[in-house]
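# What the coordinates show
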Amino acid sequence: MLAAGLVSGCTGSTADDLATDAQLRHRLVECLHVIDMVPEPGPGYAAHGSGGGFIALPTGMLQLGRSGSEGSGYEDYRFAKFGLLVRRAQQASLAIAAAPSDAFLDYGDDVLGRVDALTAGPCDSHGPACDVNSAEYVGGWPCGADRGEWMVWAGGIWVNEPGCVEVVVSSQDEEIPVQLAVGAPCGG
């Protein structure tokens with residue numbers, strides 16, 4: 001209790017404010033935002049985890065693209081786009097552990113802002129009905145989910161300085177550190 005009092009006394013935040021901040025920094029990525037399904041991660045991706053992996057991330061250097069929009073508060077940030085692949089029957093989390101400066105994830109939502117961690121999956125193995133006349137039809141869902149074991153989400157990472165970003169991927173009882181070269185190589 002003393003530690004919580006010291007934290008709120010130093011930051012001016014209450015325990016409820018701190019809990020809300022933590023929730024805002026974590027995003028659940030919905031299955032409805034899946035853009036594709038693939039049988040296996042493609043070239044330039046590596047699966048992480050036992051039993052063939054639960055999450056796949058890029059292995060090469062990510063190119064920095066667009067800057068944050070004027071007036072967004074993120075004008076000094078650059079975006080590195082990469083697909084997030086999660087095995088459809090598993091839940092996986094991705095969290096930023098260390099970055100050369102400031103970094104945040106951007107997947108599954110149109111709201112730009114600090115997201116340090118996200119969780120995706122599991123997703124229904126067949127997805128909703130694809131017939132637009134069906135009562136179970138869900139617009140926007142890529143049809144034919146039975147064609148792939150890996151669900152793909154579009155997104156990436158925003159950084160205000162290129163460098164090696166360490167993320168931690170986790171699922172069930174596994175936790176694995178992974179380095180992402182974001183606009184600059186990772187050393188050794």
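The structure under discussion appears in the preceding block.
The structure contained in this document is the topic of the report that follows. (Residues numbered from 1 in each chain as written. Predicted model: local features only at pLDDT ≥ 70, side-chain atom pairs only at ≥ 80, totals over all residues. Heavy atoms only, no water.)

Turning our attention to the packing of aromatic side chains. For any pair of aromatic rings, geometry is given as the distance between the ring centres together with the angle between the planes. On inspection of all chains with the given rule, the structure shows 6 aromatic pairs. Ring centres of tyrosine 74 and phenylalanine 104 lie 4.9 Å apart, and the angle between their planes is 55°; on these two criteria the pair is classed as tilted. With tyrosine 74 in the loop between β4 (55-58) and β5 (78-81) and phenylalanine 104 in strand β8 (residues 103-107), this residue pair connects regions lying 30 residues apart in the sequence. As far as burial versus exposure is concerned, tyrosine 74 and phenylalanine 104 are alike and both buried. An aromatic cluster is built from Tyr74, Tyr77, Phe79, Phe104 and Trp158, whose rings are joined through pairwise contacts. Here the guanidinium or amino end of arginine 66 rests over the ring plane of phenylalanine 79, the centre of that ring lying 4.8 Å away. (Phe/Tyr/Trp six-rings, centres within 6.5 Å; stacked < 30°, edge-to-face > 60°. Helix = DSSP H or I, 4+ residues; strand = E, 2+ residues; numbered from the N terminus. Buried < 20%, exposed > 50% of the residue type's maximum accessible area, 1.4 Å probe, protein only. Lys NZ or Arg CZ within 6 Å of the ring centre and 35° of its normal.)

Before going further, it helps to examine the sheet that holds β4. Pairing is antiparallel across the open sheet formed by 5 strands, whose spatial order is β2-β10-β6-β4-β3. At either end of the open sheet lies a strand with only one pairing partner, and these are β2 (36-38) and β3 (45-48). Strand-to-strand twist across the sheet, computed as the mean angle between neighbouring axes with direction ignored, equals 30°. (Pairing = 2+ DSSP bridges. Axes fitted to C-alpha atoms, helices over the stretch in contact; angles between N-to-C directions.)

One finds Leu57, Leu84, Leu94, Trp153 and Ile157 to be the most contacted residues of the largest nonpolar core, which totals 31 residues. When near neighbours in sequence (up to four residues on either side) are disregarded, leucine 57 contacts Gly44, Tyr45, Ala46, His48, Phe82, Leu84, Leu94, Val167, Val169, Val178 and Leu180. (Core = buried A, V, L, I, M, F, W, Y, C linked by side-chain atoms within 4.5 Å. Contact = heavy atoms within 4.5 Å.)

Our focus in this paragraph is unusual backbone geometry. Residue proline 122 follows glycine 121 across a cis peptide bond; omega there is -5°. Structurally, proline 122 can be placed in the loop between β9 (117-120) and β10 (150-153). Positive phi, close to 50°, is recorded for glutamine 172, a residue that is not glycine. By secondary structure assignment, the location of glutamine 172 is in the loop between β12 (163-171) and β13 (174-182).

Here we come to the state of the cysteines. Inspection of the entire model under this criterion finds 2 disulfides. The disulfide partner of cysteine 31 is cysteine 123, and the gap between their sulfur atoms is 2.1 Å. The S-S bond linking cysteine 31 to cysteine 123 shows a torsion near -95°; that makes this disulfide left-handed. A residue pair is termed long-range when its members are at least 10 positions apart, and cysteine 31 in the loop between β1 (26-29) and β2 and cysteine 123 in the loop between β9 and β10 qualify at 92 residues. (Disulfide = S-S within 2.5 Å.)

With that settled, the discussion passes to the pattern of salt bridges. Pairing between side chains of opposite charge can happen when the charged atoms of each approach one another. One pass over the structure, following the stated rule, counts 5 salt bridges. For aspartate 102, the salt bridge is made with arginine 114, and the minimal N-O distance between the two is 2.3 Å. In this pair, aspartate 102 is assigned in the loop between β7 (92-98) and β8 and arginine 114 in the loop between β8 and β9, connecting sequence segments 12 residues apart. When the shortest N-O distance is used, the salt bridge between aspartate 116 and arginine 114 registers 2.6 Å. Salt bridges here are not isolated pairs; linked through shared partners, they connect Arg25, Asp102, Arg114 and Asp116. (Salt bridge = Lys/Arg side-chain N within 4 Å of Asp/Glu carboxyl O.)

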